[in-house]
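A structural walkthrough
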Amino acid sequence: MLTIIYVVLEVITALALIFLILMHSGKGGGLSDMFGGSVGSAAAGSAAVERNLDRITVTVAVIFALTSLTLDLRLQ
């Protein structure tokens, strides 16, 4: 039962990680332009939004890594 919970958590964090990475603005703006990223880039608060997006992405990446390691240890 615990393995199923870890697998579900792994899939959810993988999808969240894909979404969060696509939300980052790169050289071409990325997917964040669809949600007003290019319009809000001139605003003063856009740096804070990028910083928070970075923090959330790192947190989800750490959760993904921990669940991957836990699954590997449980399935051996």
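Up top you'll find the structure we're talking about.
First things first, this report covers the structure right here in the doc. The numbers attached to residues start from 1 for each chain and follow its sequence in the written order. Residues qualify for local features only when their pLDDT is at least 70, as the model is predicted, and side-chain atom pairs are given and counted only at 80 or more; totals for whole chains, interfaces and linings, by contrast, use all residues. To get the side-chain values, all heavy atoms of the structure are used, and hydrogens and water are removed first.

Before going further, it helps to examine the overall build of the chain. Counting its secondary structure elements, the chain contains two helices and zero strands. Under the scheme applied here, a residue whose accessible area is under 20% of the maximum for its type counts as buried, over 50% as exposed, and between as partly exposed, the area being computed with a 1.4 Å probe on protein chains only. For the chain, the residues scored as buried account for 17% of the 76 residues in total. At a minimum sequence separation of 6, the contacts of the chain that also span at least 24 residues come to 80%. Segments assigned H or I by DSSP are reported as helices when at least four residues long, segments assigned E as strands when at least two residues long, and all are numbered from the N terminus. Contact definition: two residues touch when any of their heavy atoms are within 4.5 Å.

Buried residues of nine kinds, namely Ala, Val, Leu, Ile, Met, Phe, Trp, Tyr and Cys, make up a nonpolar core once their side-chain atoms join them within 4.5 Å. Among the nonpolar cores identified, the biggest contains five residues, and these are Leu 17, Leu 20, Met 23, Leu 53 and Val 60. Contributing elements (two or more residues each) for this core: helix H1 (2–23) and helix H2 (46–74). Among the elements that make up this core, the one with the highest residue count is H1 (three residues). Apart from the residues within four sequence positions on either side, Leu 17 is in contact with Thr 57, Val 60, Ala 61 and Phe 64.

It is worth spelling out the environment of Leu 71 at this point. Within the secondary structure, Leu 71 is located in helix H2. A residue is classified by how much of its surface remains accessible, and Leu 71, at 11% relative accessible area, is buried. When sequence neighbours within four positions are dropped, the list of residues in contact with Leu 71 reads Thr 3, Tyr 6, Val 7 and Glu 10.

So, about the side chain of Thr 67. In this fold, Thr 67 is placed in helix H2. Within polar-contact distance, the side chain of Thr 67 engages the side chain of Glu 10 at 2.4 Å. Every residue in contact with Thr 67, bar those within four places of it in the chain, is listed here: Tyr 6, Leu 9, Glu 10 and Thr 13. Counted as a polar contact is a pair of N or O atoms within 3.5 Å, where, for protein atoms, one must be capable of donating a hydrogen and the other of accepting one, and residues adjacent in sequence contribute only when both atoms are in side chains.

The values are spatial; any link to function lies outside them.
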